[in-house]
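Chain residues, written in single-letter form:
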Amino acid sequence: MKILKFGGTSVANAQNISRVRDIVGAKRHDESLVVVVSALSGVTDLLLRAAEAAASKDASYKELLTDIETRHFDAIRELVPVAGQSALLSHTKRGLNQLETLLDGCFLLGELSGRTSDAIAGFGEVLSSYIIAEAFRETIADAAYLDSREVIKTDNRFGKATVDFALTDGLIRDYFRSASASVTVVPGFVATSRDGHATTLGRGGSDYTAAIFAAALDASALEIWTDVSGMFTAHPKWVKQARPIASISYQEAMELSHFGAKVLYPPTIQPALSKQIPIWIKNTFAPEEPGTYISNDATLSTNPIKGISHISGITLLTVEGSALIGVAGFSKRLFEALSSRNISVIFITQASSEHSICIGIQEADAEKARTSIDEAFEIEIAQKRIEPVIVESGLCIVALVGERMRNHQGISGRMFSALGKNNVNIRAIAQGASERNISVVINEADVKKALNTLHEKFFEDNIRQLNLFVMGVGNVGEKFIEQIAQQRKFLKDQLKLNVRVIAVSNSRTMHFDEDGIVLKDWKELLANGEKADRAAFIRKVKALNLRNSIFVDITADEGVSTTYADYLEDNVAVVTCNKIACASAYENYSHLKQLARKYNAPFLFETNVGAGLPIIDTLKHLIVSGDKVHRIQAVLSGSLNFIFNNFKEGVSFHDVVVEAGVQGFTEPDPRIDLSGMDVARKILILIRESGYRMELDEIQNQTFLPDLSLRAGTVPEFFETLKTEAGHFDELYRDAASKGCRLKYVAQFENGKASVGLQLIPADHPFYNLEGKDNIVLFYTDRYVDQPLLIKGAGAGAAVTASGIFADVIRIGNV
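Criteria and cut-off values
Residues numbered from 1 in each chain as written. Predicted model: local features only at pLDDT ≥ 70, side-chain atom pairs only at ≥ 80, totals over all residues. Heavy atoms only, no water. Helix = DSSP H or I, 4+ residues; strand = E, 2+ residues; numbered from the N terminus. Rg over C-alpha atoms; globule rule 2.2 N^0.38 Å. Buried < 20%, exposed > 50% of the residue type's maximum accessible area, 1.4 Å probe, protein only. Contact = heavy atoms within 4.5 Å. Lys, Arg positive; Asp, Glu negative; His and termini not counted. Charge placed at Lys NZ, Arg CZ, Asp CG, Glu CD. Pairing = 2+ DSSP bridges. Axes fitted to C-alpha atoms, helices over the stretch in contact; angles between N-to-C directions. Salt bridge = Lys/Arg side-chain N within 4 Å of Asp/Glu carboxyl O. Disulfide = S-S within 2.5 Å. Phe/Tyr/Trp six-rings, centres within 6.5 Å; stacked < 30°, edge-to-face > 60°. Lys NZ or Arg CZ within 6 Å of the ring centre and 35° of its normal. Core = buried A, V, L, I, M, F, W, Y, C linked by side-chain atoms within 4.5 Å. Parallel < 35°, antiparallel > 145°, perpendicular 65-115°, else oblique. Left-handed = near helix turned anticlockwise from the far one by under 90°. Nonpolar A, V, L, I, M, F, W, Y, C, P; charged D, E, K, R; others polar.

Draft legend 1. Spatial organisation of the overall build of the protein chain. For the protein chain, the count of helices and strands is 30 helices and 30 strands. Relative to the 2.2 N^0.38 estimate, which gives 28 Å for 815 residues, the radius of gyration of the protein chain is 36 Å and therefore markedly larger than a compact globule would have. Per-residue burial over the protein chain gives 53% buried out of 815 residues. Considering only residue pairs separated by 6 or more positions, the protein chain has 72% of its internal contacts joining residues 24 or more positions apart. Positive and negative charge centroids in the protein chain, built from 86 and 99 side chains respectively, lie 2 Å apart.

This is the structure we're talking about:
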């Protein structure tokens, strides 16, 4: 004998019921079957809504009743030939008339008792099972129908009755002793009390019905057929990378089902476990897939974790005070207070100091729990020996489950570390002595991030997903996205990094895709995106609350730079080539660094100085290793170096500046580069990263531009002054050439003072042969005294800047 149970989605309509009939038809040849069925999908909810509406004197219950009737009549007409429909329609109509009578009674009385609610709620399974049995007879001639209310007997605890197994097992065995049908269809969920009243086994109780039959009949196996291919490592709705679990122990399955694995009703396990009956979780819509096998056999796996599950809608109650310490019976009184109001405790933890105890309950029970506890400890609260109960709502429980966790060290440490790095705050922790389950209470808003973070940590070959939100897709931004697209496979294979671009934005439009933007289509998607809005962009990033989120600023916009704190405070890392924030007031620079440390959100800006050159990273390593910087000399503007390397006899300064703009070396407004402000910001950042406090206005800016150029109001006017003042620039060149020197725009710092300006560089100086758009930095430190640490290379250009940004992203991924 084998027991098969089909859930609501499996019997949702005639088409699905036909699938079920085919599955049962193929299996009945091996051994006799008991087929337990749920109500048509959604019907139980309709029944309860109708009952509540009727009890509230809301006549809309009649419309709901009509919907229920239509669902069942449609199924009959599609499943059963016309010749056989009349008797089945009449039988179903009689049942619906009984249902209508009950609902009319609720409407007239204006109340809904637990007993009546059970009688109404069970109609879904009673109606569906009879229809399905008749449909089976079309292809399985000896298919039989057994009303499970005749054989499953319970107490009168309406809503979730307790089964009288001694009586029930005997009645089931007696029936099947004389039964000869190859297939027997029974309704799940429903039962009757010993005195004949309709009862139910709790929501999801059709699984339990199947397990009751399996245990009573010593079945060879129990198969639970649903709409997914087994129990998953996490809920597929929340974790896209979740995958089916091939095999799992009874205890592991019980833990996962208790903590919200919806494919299996928690009480189902116990009857099967007591008889060592294996359970299969199978997919009605993909019957060829293996599903999940649940048994007592040891499962071989290198991963001690079998799954991650969660329960939403949790409230945490905390009772604390001196009256708890060393007082026997306190916990007994606390749990009796909750039990008296029929409140189930899901989670318990207590500090060894005994000063406080935390319990987790369903949010719906929070207020009556508070009242009950405060009443039970009224005297102690009045005497200030206990504080009034603290109630925290909007929480959920996340649990790691695995039979073999006790044999592996460091599981909890890895769990807490992964959550902490993503700023998921843990409110409470519980772990049983069996070490089969580690549970934490967190904010409900963080559940998706927490599940994905843990799944990534324990199930995805340690591949870390990075979620990028890119603002600014000009020359550098476009190159950055190209480099990501080019390197994605390499990063995943070699560095275990899965880099996804979730959002892109320019000054006009923005586009978000939670599943990751298809990079070959990003331009088209952005062109058709919603209107760009900096505040809305921030709200969307925060609302998505994705793990390992990184905001990438590839603009030169001051407004964008003021938003960094918003991201860092929400544990979103920031990578930027925008120098404004780090060169702003020292208090702001310091504040951003503090936020990065406080919220464990990296703030990286390697490309602020030297584009893709590892200048800031090298400097950081010097400082953290204990070295001290005393002097810095640098050529930090690739654009200015390009300009002065190409400015020579017979070539106008104006034309060289125009060419630098064409090649993308200068900002759209070249005054930013030529005024020296850009270089001043860069040396300021190096000074601050060296551990010194300095403001931008403390740097002496020795401009080489004539007054007329400095006073130009617009970019076109500025370019015009470069022509007008050509003699001034030519004189600068001739003076340098006459002395055998070259013009270089140099930044320097020494003895607490800094300056930027044009200098004549002699032939024996390291800066003399600096070609093209290259940058060079000389660090003089405690360790590099006579010969400075020298970093040299391309310091401008879209590709190298993009690569520097990319390198910062990878640094975050490797943290």
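Read on for the rest.
Draft legend 2. Spotlight on the environment of Ala-242. Its location among the elements puts Ala-242 in the loop between strand 8 (221-226) and strand 9 (247-249). The spacing of Ala-242 and Gly-307 is 65 residues in sequence and 9.3 Å in space, taken between C-alpha atoms. In this structure Ala-242 touches Phe-232, Thr-233, Ala-234, Pro-236 and His-455, once residues within four positions along its chain are discounted.

Draft legend 3. Layout of the sheet that holds strand 5 (residues 183-187). The strand order 3-5-2-1-8-10-11-9 describes an open sheet built from 8 strands, whose pairing is mixed. At either end of the open sheet lies a strand with only one pairing partner, and these are strand 3 (144-145) and strand 9. In the packing of helix 8 (residues 205-216) onto the sheet, contacts are made with strand 1 (2-6), strand 2 (33-37), strand 5 and strand 8, and the angle to strand 1 comes to roughly 175°.

Draft legend 4. Broad picture of the pattern of salt bridges. All told, the structure shown has 40 salt bridges when counted by the stated rule. In this structure, the salt-bridge partner of Lys-579 is Asp-678, at a minimum N-O distance of 3.1 Å. On the criterion of sequence distance, the pair formed by Lys-579 in the loop between strand 23 (573-576) and helix 21 (586-598) and Asp-678 in helix 26 (residues 677-689) is long-range, its members being 99 residues apart. The pair Lys-579 / Asp-678 is uniform in exposure class, with both members buried. Here Asp-808 ties to Arg-811 by a salt bridge, and the two come within 2.6 Å at their closest N and O atoms. Placement of the pair is Asp-808 and Arg-811 together in helix 30 (residues 798-813), with a separation of 3 residues, close to one helical turn.

Draft legend 5. Highlighting unusual backbone geometry. At Lys-57, a position not held by glycine, the phi torsion is positive, near 65°. Along the polypeptide, Lys-57 turns up in the loop between helix 2 (43-55) and helix 3 (61-79). On the basis of relative accessibility, which here comes to 48%, the residue Lys-57 falls in the partly exposed class. The backbone of Asn-423 shows a phi angle near 60°, a positive value even though the residue is not glycine. Along the chain, the position of Asn-423 falls in the loop between helix 14 (411-421) and strand 16 (426-431). Given the relative accessible area of 31%, Asn-423 is considered partly exposed.

Draft legend 6. A look at the state of the cysteines. A complete count under the given rule lists 0 disulfides for this structure. Cysteine Cys-358 is unpaired, with the sulfur of Cys-396 as its nearest cysteine sulfur at 16 Å.

Draft legend 7. Main features of helix 18 (residues 534-544). Looking at helix 18, one finds that the buried residues are Ala-536, Phe-537, Ile-538, Val-541 and Leu-544. Its buried side turned inward, helix 18 meets strand 18 (464-471), strand 19 (497-505), strand 20 (509-512), strand 22 (549-553) and helix 20 (564-568). In the segment just after helix 18, Asn-545 is the residue with positive phi, at about 50°.

Draft legend 8. Main features of the sheet that holds strand 22. Read across the open sheet, the 7 strands follow the order 21-20-19-18-22-23-24; overall the sheet is mixed. Of all strands in the sheet, those with a lone pairing partner are strand 21 (530-531) and strand 24 (603-604), marking the two edges. The pairing of strand 19 with strand 20 spans 3 bridges and is classified as antiparallel. Looking at strand 20, one finds that Ala-503 is bridged to Phe-512.

Draft legend 9. Spatial organisation of the packing of aromatic side chains. Scanning the model with the defined rule gives 27 aromatic pairs in all. Measuring from centroid to centroid gives 5.5 Å for Tyr-61 and Phe-107, while their planes differ by 40°, and the two rings are tilted. Residue Tyr-61 is located in helix 3, and its partner Phe-107 is located in helix 4 (residues 82-109); the two are separated by 46 residues in the primary sequence. Consider the rings of Phe-176 and Phe-213, whose centres lie 6.3 Å apart with planes at 90°: the pair is edge-to-face. Of this pair, Phe-176 sits in helix 7 (residues 165-178) while Phe-213 sits in helix 8, and the two are 37 residues apart along the sequence. Comparing Phe-176 with Phe-213 shows no difference in burial state: the two are buried. Site record: aromatic cluster; members linked through ring pairs are Phe-469, Phe-512, Phe-537, Phe-551, Tyr-564, Tyr-567, Phe-603 and Phe-605. Positioned above the aromatic ring of Phe-605 is the side chain of Lys-620, whose terminal nitrogen or guanidinium carbon lies 5.3 Å from the ring centre. Here Arg-742 stacks its cationic end above the ring of Tyr-768, 4.6 Å away from the centre of that ring.

Draft legend 10. Main features of the side chain of Ser-755. Looking at the secondary structure, you find Ser-755 in strand 28 (residues 753-761). Judged by relative accessible area, Ser-755 falls into the buried class, the value being 10%. When near neighbours in sequence (up to four residues on either side) are disregarded, Ser-755 contacts Ile-699, Gln-700, Gln-702, Val-746, Ala-747 and Gln-748.

Draft legend 11. Focus on the nonpolar core. Core analysis: the largest hydrophobic core is formed by 79 residues, its most contacted members being Phe-469, Phe-537, Phe-551, Phe-653, Leu-686 and Phe-779. A per-element tally of this core places helix 26 first, with 7 residues. In this view, Phe-469 contacts Ile-502, Ala-503, Phe-512, Phe-537, Val-541, Leu-544, Leu-546, Ser-549, Ile-550, Phe-551 and Val-552; residues no more than four positions away in its chain are not counted. Leu-47, Ala-51, Leu-65 and Phe-123 belong to the second-largest nonpolar core, a separate cluster that totals 48 residues.

Draft legend 12. A look at the environment of Asn-462. Turning to its location among the elements, Asn-462 is positioned in the loop between helix 15 (447-459) and strand 18. For the pair Asn-462 and Leu-495, spaced 33 residues apart in sequence, the C-alpha separation works out to 9.8 Å. Once residues lying within four places of it in the same chain are set aside, the contact partners of Asn-462 are Glu-456, Lys-457 and Lys-496.

Draft legend 13. Molecular detail of the packing of helix 2 against helix 3. Running from N to C, helix 2 and helix 3 cross one another at 155°; their axes reach a closest spacing of 8 Å. Classified by the angle between their axes, helix 2 and helix 3 sit roughly antiparallel to one another. Between helix 2 and helix 3 the crossing geometry is left-handed. For the pair helix 2 and helix 3, the contacting residues are Val-43, Leu-46, Leu-47, Arg-49, Ala-50, Ala-53 and Ala-54 in the first and Tyr-61, Leu-64, Ile-68, Arg-71 and His-72 in the second. Among the residues making up the contact of helix 2 with helix 3, the classes are represented as 9 nonpolar, 1 polar and 2 charged.

Draft legend 14. Expanded view of the pairing of strand 6 (residues 190-193). In strand 6, alternate side chains face the same way, and those of Val-190 and Thr-192 on one face and Ala-191 and Ser-193 on the other are all buried. Pairing of strand 4 (residues 153-154) with strand 6 involves 2 bridges; the strand directions are parallel. Its bridge partner being in strand 6, Thr-154 is matched across the sheet by Ser-193. Examined bridge by bridge, strand 6 and strand 7 (residues 198-200) share 3 bridges and lie antiparallel to one another. Counterpart to Val-190 in the pairing with strand 7 is Thr-200.

Draft legend 15. Structural view of the pairing of strand 11 (residues 292-295). In this structure, strand 9 lies alongside strand 11, joined through 3 bridges in parallel fashion. Among the inter-strand pairings, Ser-249 is bridged to a residue of strand 11, identified as Ser-295. Sheet topology places strand 10 (residues 279-283) next to strand 11; 3 bridges connect them, and they run antiparallel. Looking at the pairing, Ile-279 lines up with Ile-294 of strand 11.

Draft legend 16. Representation of the environment of Glu-569 in the model. In this fold, Glu-569 is placed in the loop between helix 20 and strand 23. For Glu-569, a relative accessible area of 37% puts it in the partly exposed group. A C-alpha to C-alpha distance of 6.2 Å links Glu-569 and Tyr-599, two positions 30 residues apart in sequence. Once residues within four sequence positions are removed from consideration, Glu-569 is found in contact with Asn-423, Leu-595 and Tyr-599.

Fair warning: the whole summary comes from geometry, so function is off the table for now.
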